[in-house]
Amino acid sequence: MHKTKLFFFVLLIFQAVRTLAKSPTFAKDPRKLQFEADINRLFMYTGYNRLGKNADEADAEEIIDMAGKASVADQQKQVQENIHYQIINFCTAMDEILLPDVNGPQESQSSATPSRSGLSFAVGRNGPNANRPAVPETRPLKCTEVSQRLKDSIGYMLDVKPSQIPHKEAGQGLFLSGEADVGAVIAIYPGVVYSPVYYRYIPGYPRVNAQNTYLITRYDGTVINAQPWGYGGETRELWDGSTMQDMKPNTEVTGKGSDRFWKMLSKPLENSQIGSGGEILERRNPLALAHFANHPAKEMVPNVMVCPYDFPLSEKDMRAYIPNISFGNAEVNMRRFGSFWFRWGSRNSGTDVPVLKTLVLVATTALCDEEVLLNYRLSNSKRRPSWYTPVDEEEDRRRWS
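Colleague: Sorry, what's going on with the environment of A180 here?
Modeller: Structurally, the position occupied by A180 is in strand β2 (residues 172–180). You can call A180 buried: its relative accessible area is 4%. In sequence terms A180 and D369 are 189 residues apart; their C-alpha atoms lie 9.2 Å from each other.

What follows is the structure, given as structure tokens:
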């Protein structure tokens, strides 16, 4: 994509979103309308990306015009389709890298000693389990080899190394090696997914962020805890998310407690419902590193934004490359009233296909051999860390209003 075209496109998106933010209706429900503004941006970024490298100014203007006319529901659906299209391509590339023969029958590793999760060690299980799902055979490649081959296929890979943020609390940062276009899925946020009904099972509840800086929340209240995932692993295995990785937090912990909705709930519950025993996941996933992206320092700008992605669990051939598992019953339907969440309606209301609620990071500009920076949008209703410089104070306020 030509840099002049890209600059023109990003500028048009910036102007379109700014116009939306100044709308009189924006003040009525700031949180909802900030979500709509984000979906609007994602609609344009991912739509332009799907057009490919031959997209021009006329295409950009057409997409922006469509974004102004389409309903939020239609835009949201299109964003999901655009992201899913990229995830399909990613999974196809991973199959070509890891599976001995994509077109042939997959052999099972059931005759070999199966990989054991942290939970199996904790409860003292010995020997193979007859009910244990078979782990498909994969090529014996190291994580670094998988990453390099993925770069050869899609044009970029990710590295975790010391951040370039000029602050002593920056710690490790996420870096892109190679080139990625605007609207590309840069990383996936891994870990255990908690719907609001299971908040009290999050380790450390109610002050869940006191010792864990690898938590993120979607607009719908879904929380993803990436701490158990850590840096990933070196094999495809049955993963249950029960082992906490020893990762030094890269943010300063404040002493003012958590957001209001944590305070509205009571004591933590014993962690005893980790999904249905785990899922076979590819721990050598080169994109499952979104939790290492840092917030930009002053006078720096973010180059990615979060995007909710509902992975359809019917796509079983792709499941191993989605680095998440649900805590408890993922199909519980919840509705928010102020700071409270309640069970609502039937389990399958709204969709016939069960989904896994995840998050991905989408490029807001073309990236080339640089650190990945994400606007954290920390709540301005509580004390924020000394390293935090708001990218847009109004966006922070609307996000947590």
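Colleague: Help me understand the nonpolar core in this model?
Modeller: Soluble globular proteins tend to bury their nonpolar side chains together. Formed by 64 residues in total, the largest nonpolar core has its most connected members in I83, I87 and I186. A per-element tally of this core places helix α4 (residues 72–98) first, with 9 residues. Apart from the residues within four sequence positions on either side, I87 is in contact with V185, I188, Y309, M318 and I322. Ranked by size, the runner-up nonpolar core spans 15 residues in total, among them V192, Y198, W239 and L281.

Colleague: Explain the sheet that holds strand β9 (residues 304–312) to me, please; I cannot follow it from the model alone.
Modeller: Read across the open sheet, the 3 strands follow the order β3-β13-β9; overall the sheet is antiparallel. The outermost strands of the open sheet, each flanked by one partner alone, are β3 (185–188) and β9. With direction set aside, neighbouring strand axes in the sheet form an average angle of 35°. For β9 and strand β13 (residues 355–363), the ladder comprises 9 bridges, and the chain directions are antiparallel. Each bridged residue has a counterpart across the sheet, and for P312 the counterpart in β13 is V355. The strands touched by α4 are β3, β9 and β13; relative to β9, the strand with the most contacts, the crossing angle is about 80°.

Colleague: Looking at this model, I keep getting lost on the pattern of salt bridges. Mind explaining?
Modeller: Proximity of charged atoms lets side chains of opposite charge pair with each other. By the definition in use, this model includes 12 salt bridges. Where E237 meets R283, a salt bridge forms, and the shortest distance between an N and an O atom there is 3.3 Å. Of the two residues, E237 sits in strand β7 (residues 236–239) while R283 sits in the loop between β8 (279–282) and β9, which places them 46 residues apart along the sequence. Residue classification places R283 among the buried positions, given a relative accessible area of 5%. R397 is the partner of E394 in a salt bridge, and the nearest nitrogen-oxygen pair spans 2.7 Å. Placement of the pair is E394 and R397 together in helix α8 (residues 393–399), with a separation of 3 residues, close to one helical turn. For R397, a relative accessible area of 35% puts it in the partly exposed group.

Colleague: Sorry if this is basic, but what is going on with the environment of K77 here?
Modeller: For K77, the position within the fold is in helix α4. Separated by 38 residues in the primary sequence, K77 and I39 place their C-alpha atoms 9.8 Å from one another.

Colleague: Explain the sheet that holds strand β1 (residues 156–162) to me, please; I cannot follow it from the model alone.
Modeller: Whenever strands of a sheet pair, they do so through backbone hydrogen bonds, lying parallel or antiparallel. The sheet built from 3 strands is open, its strands ordered β1-β2-β14 with antiparallel pairing. Bordering the open sheet on either side are β1 and β14 (367–371), each of which pairs with just one other strand. The average undirected angle you get between the axes of adjacent strands in this sheet is 20°. As judged from the 4 bridges shared by β2 and β14, these two strands associate in the antiparallel manner. Considered in β14, the bridge of F175 is made with E371. Relative to the sheet, helix α6 (residues 143–154) contacts β1 and β2, its axis offset from that of β1 by approximately 135°.

Colleague: Quick question: what am I supposed to make of the layout of surface pockets here?
Modeller: Here the idea is plain: a probe the size of a water molecule rolls over the atoms and shows the empty space left. Estimates place the volume of the second largest pocket at around 440 Å³. Around the second largest pocket, the lining is made up of 17 residues, and of these N49, Q86, I154, Y156 and A184 lie nearest the centre. Examining the composition of the lining of the second largest pocket, we find that 5 residues originate from one element, α4, more than from any other. Of the residues in the lining of the second largest pocket, the class split is 10 nonpolar, 4 polar and 3 charged.

Rules behind the numbers
- Residues numbered from 1 in each chain as written.
- Predicted model: local features only at pLDDT ≥ 70, side-chain atom pairs only at ≥ 80, totals over all residues.
- Heavy atoms only, no water.
- Helix = DSSP H or I, 4+ residues; strand = E, 2+ residues; numbered from the N terminus.
- Buried < 20%, exposed > 50% of the residue type's maximum accessible area, 1.4 Å probe, protein only.
- Core = buried A, V, L, I, M, F, W, Y, C linked by side-chain atoms within 4.5 Å.
- Contact = heavy atoms within 4.5 Å.
- Pairing = 2+ DSSP bridges.
- Axes fitted to C-alpha atoms, helices over the stretch in contact; angles between N-to-C directions.
- Salt bridge = Lys/Arg side-chain N within 4 Å of Asp/Glu carboxyl O.
- 1 Å grid on protein atoms, 1.4 Å probe; cavity = no way out; pocket = protein on both sides within 12 Å on 5 of 7 lines; lining within 4 Å.
- Points joined across faces, edges and corners; volume = space filled by probe spheres on them.
- Nonpolar A, V, L, I, M, F, W, Y, C, P; charged D, E, K, R; others polar.

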